[in-house]
Each structure stands twice: as structure tokens, then as C-alpha cells.
Amino acid sequence: VEHTAKREAALTVREIEREAREEGEDRARRIVTLAAQRIASEQTAESSVAVLHLTDDAMKGRIIGREGRNIRALEAATGVNLLIDDTPEVVVISSFDPLRREIARLSLDRLMADGRIHPARIEEVVNTVRAEIEETTMRAGEAAIYELGLSGVAPELVRTLGRLKYRHSFSQNVLQHSLEMAHLMGMMASELKLDPEIAKRVGLFHDIGKALDHQIEGSHAIIGAELLRKHGESAAIYNAVAAHHREQEGGNIYAVL
């Protein structure tokens, strides 16, 4: 009787486990699908160059300047390479740093519109554009925080987050990707009866290290986690962001959450 009871109990346990596993997988797919359907994703291609179209080919000579002084001043002020070749009415701005490319593009555009192109004017315009870009990144970070309804985010984190507006990874704008991830994680957390604010903060900040990874050595997840810790985010947030590094190496960030 004991042997029969154990055998029947084992069969019952296996059946319960099988049903639980199937139900769990179905529910997980349903939650992910529901969240994904509520997000529309826009993707953009990343490039290490920006192409600026000139009003006429004679402008190339003015950009180069006497003995190349103007182009050297532009490259020194912006930290990019300007490629002026035989392609008609086109200047190519080359740099792996998207912020530098954007500053150079806007500066050169303004210089051509103004007509005064000389080293002193170049430095003045570049400094003005750089200040405007800093303000733009701050506004982009604030808009992201506002969209998610978060509070208590340190100003430096907001500014760093805004820099992701000019960063692309895997054909996607990183700030837009971070917003989508925050919305998705908040929705899934709500379905699972977890804290949606924590989930949204993790989603929003999971790639924040990409705004600094060209300046600091190491994984962008570890860089981001240290930045979050430094600026007052809770251990739950920066540990989950750091777990993104382990998840890339075969771990599971959702298990940590």
C-alpha cells in the first residue's frame, strides 16, 4: 500500500509540475506580448560619419582656409575629422563620438550661414553650440524622467541620460530604447504584482553607462551601476543594472529583479 501510494504521489507531483511549467510559460509569453504590443519601436541606423551638404563647391575652399588654418581650427575645436574630397558640394564629418559629430555639424552649418569663417569665429561658434547641446541633453533627460513619472533623480544622472539621445547601438537610438525598456518593465512588473517604479528605473538606467563607456574602461553595465550608486540610486537599482553585465555573460537580469 505504501509503495502504491508513493508511486501515485510521484505521478501526481510530476503532473502538477508539468502543468505549472506550461502555465508559467504561457503566462510569461502573454505578459511579454501584452507589453510589447503597447510599445511602438522606432529604429535608426548608426553611423560614424555625418554628411553636410554645401550651398556650392566654392565653400570648400573657405572651410579649408588659407594654408588649411580654418579646417585645422575646426578639427581642434570639435575633435572630429573633416573629409573634403572630390565629391561635389559635400563635406564628411568623421568621429566615433556622436556628440562631437553633432557639435561639428551644427557649428559648420552656422558658420556657412554666417559667412564669417576664421579661427576666432570658429572657436566662438563651437563654444556656443556646445553649450546649446548641453542644454538640449539636459532637456532630453528631463523629458524622459517626466514621461515615466519618476522623481528624485540626481541632476547629473538626468544630464548623462540625455546624452544617450545622440548615441545609437544595434541600429537603435539608446535613449529611445531605454524609454521603451522602462515602459515594458513597468508593465510587466505591474502584471507580476511587483513595484513598477523600481522596474522602470532599472529599465531606464540599464544602458546609461553607454553615455560614458568611451571615457571609462569596463563594461557599460558596470560603469552605469557605479554612476547610479555614486548619485544616490538605491541598491536595488544599481545592482540590477550591474546584473545586466552578468546577464550578457549568460546570467538572467530578470531573476535578479
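Relevant structure appears above.
These numbers were taken from a predicted model, which means no experiment stands behind them. (Residues numbered from 1 in each chain as written. Predicted model: local features only at pLDDT ≥ 70, side-chain atom pairs only at ≥ 80, totals over all residues. Heavy atoms only, no water.)

Trainee: Looking at this structure, how should I read the overall build of the chain?
Mentor: Scanning the chain for helices and strands turns up 11 helices and five strands. Across the 257 residues that make up the chain, the buried fraction comes to 40%. By sequence separation, contacts in the chain at least 24 residues apart represent 61% of the contacts at least 6 residues apart. Carbon and sulfur atoms make up 51% of the accessible area of the chain, which totals about 14,800 Å². (Helix = DSSP H or I, 4+ residues; strand = E, 2+ residues; numbered from the N terminus. Buried < 20%, exposed > 50% of the residue type's maximum accessible area, 1.4 Å probe, protein only. Contact = heavy atoms within 4.5 Å. Areas by Shrake-Rupley, 256 points an atom, 1.4 Å probe, with all protein chains shown as cover.)

Trainee: Would you explain the pattern of salt bridges in this entry?
Mentor: Under the criterion given, the structure shown has 15 salt bridges. Across the pair glutamate 156 and arginine 159 runs a salt bridge, and its minimum N-O distance is 3.0 Å. Of the two residues, glutamate 156 and arginine 159 both sit in helix 6 (residues 155-163), three residues apart, roughly one turn of that helix. You can call glutamate 156 partly exposed: its relative accessible area is 29%. When salt bridges that share partners are traced, they join Asp114, Arg116, Arg121 and Glu124 into one network. (Salt bridge = Lys/Arg side-chain N within 4 Å of Asp/Glu carboxyl O.)

Trainee: Looking at this structure, how should I read the nonpolar core?
Mentor: Nonpolar side chains tend to gather and get buried jointly when the protein is soluble and globular. In this structure, Ile145, Leu157, Leu161, Leu204 and Phe205 are the most contacted members of the largest nonpolar core, which totals 34 residues. Within the residue set of this core, elements represented by two or more residues are helix 5 (119-148), helix 6, helix 7 (174-191), helix 8 (196-205), helix 9 (220-230) and helix 10 (235-248). Top element by residues in this core is helix 7. It accounts for seven residues. Not counting residues up to four positions away in its chain, the partners in contact with leucine 204 are Ala144, Ile145, Leu148, Leu150, Leu161, Ser178, Leu179 and Ala182. Of all hydrophobic cores here, the second largest spans 25 residues; its members include Val80, Val91, Ala104 and Val126. (Core = buried A, V, L, I, M, F, W, Y, C linked by side-chain atoms within 4.5 Å.)

Trainee: How should I be thinking about the sheet that holds strand 3 (residues 90-94) in this particular structure?
Mentor: Sheet strands pair via backbone hydrogen bonds, and the direction of the pair is either parallel or antiparallel. Taking strand neighbours across the sheet as the criterion, the three strands line up as 1-3-2 in an open arrangement whose pairing is antiparallel. Here the strands that pair on one side only, and so sit at the sheet edges, are strand 1 (49-53) and strand 2 (81-83). Going from strand to strand, the sheet's axes swing by 25 degrees on average, the running direction of each strand aside. Inspection of the sheet shows strand 1 paired to strand 3 by five bridges, in the antiparallel sense. (Pairing = 2+ DSSP bridges. Axes fitted to C-alpha atoms, helices over the stretch in contact; angles between N-to-C directions.)

Trainee: Help me out: how do you make sense of helix 7 in this one?
Mentor: The α-helix winds at 3.6 residues per turn, so residues separated by three or four positions along the chain end up facing the same way. If you check helix 7, its first and last C-alpha atoms are 26 Å apart, about what 18 residues at 1.5 Å a residue would give, namely 26 Å. Every buried residue of helix 7 is accounted for by Val174, Leu175, Ser178, Leu179, Glu180, Met181, Ala182, Met185, Gly186, Met187, Met188 and Ala189. For helix 7, the capping residue at the N-terminal end is asparagine 173, with a side-chain oxygen 3.1 Å from the backbone nitrogen of leucine 175. Immediately beyond the C-terminal end of helix 7, within one or two residues, lies lysine 193, with a positive phi of roughly 65 degrees. (Expected span 1.5 Å × (residues − 1). Polar contact = N/O pair within 3.5 Å; in protein donor to acceptor, adjacent residues only side chain to side chain.)

Trainee: What should I look at first to understand the environment of alanine 131 in this one?
Mentor: Summarising the element assignment, alanine 131 is placed in helix 5. Separated by 28 residues in the primary sequence, alanine 131 and isoleucine 103 have C-alpha atoms spaced 9.6 Å apart.

Trainee: How do you make sense of helix 3 (residues 69-78) when you look at a structure like this?
Mentor: Among all positions in helix 3, only Asn70, Ile71, Ala73, Leu74 and Thr78 are buried. The arc that holds every buried residue of helix 3, seen down its axis, measures 160 degrees, which confines them to one face. Facing away from the buried side of helix 3 by over 90 degrees, the exposed positions are Arg72 and Ala76. Structurally, helix 3 contributes buried residues whose contacts are with helix 2 (59-64), strand 2, helix 4 (98-114) and helix 5. Where helix 3 ends, the next residue or the one after it, glycine 79, has phi of about 75 degrees, a positive value. (Arc of directions from axis to C-beta.)

Trainee: Mind showing me how you'd approach unusual backbone geometry here?
Mentor: Trans peptide bonds make up the majority, and among non-glycine residues the majority have a negative phi. A positive phi angle, near 55 degrees, is found at glutamate 67, a position not held by glycine. Relative to the assigned elements, glutamate 67 resides in the loop between helix 2 and helix 3. In this structure, lysine 193 takes a positive phi of about 65 degrees despite not being glycine. Here lysine 193 is to be found in the loop between helix 7 and helix 8.

Trainee: I'm lost on the packing of helix 5 against helix 6 in this one. Help?
Mentor: Helices that pack against each other are described as a pair by the angle of their axes relative to one another and the distance between those axes. With their axes 7 Å apart at the nearest point, helix 5 and helix 6 run at an angle of 105 degrees to one another. The orientation of helix 5 with respect to helix 6, classified from their angle, is roughly perpendicular. Taken together, the residues of helix 6 that come into contact with helix 5 (itself represented by Glu134, Thr137, Met138, Ala140, Gly141, Glu142, Ala144 and Ile145) are Pro155, Val158, Arg159, Leu161, Gly162 and Arg163. Looking at the contact of helix 5 with helix 6 residue by residue, the class counts come to seven nonpolar, three polar and four charged. (Parallel < 35°, antiparallel > 145°, perpendicular 65-115°, else oblique. Nonpolar A, V, L, I, M, F, W, Y, C, P; charged D, E, K, R; others polar.)

Trainee: What am I meant to see in the side chain of threonine 160 here?
Mentor: Residue position: threonine 160 is located in helix 6. A relative accessible area of 1% means that threonine 160 is categorised as buried. At 2.8 Å, the side chain of threonine 160 forms a polar contact with the backbone oxygen of glutamate 156. Residue contacts for threonine 160: discarding those within four places in its chain leaves Ile208, Ala211, Leu212 and Leu227.

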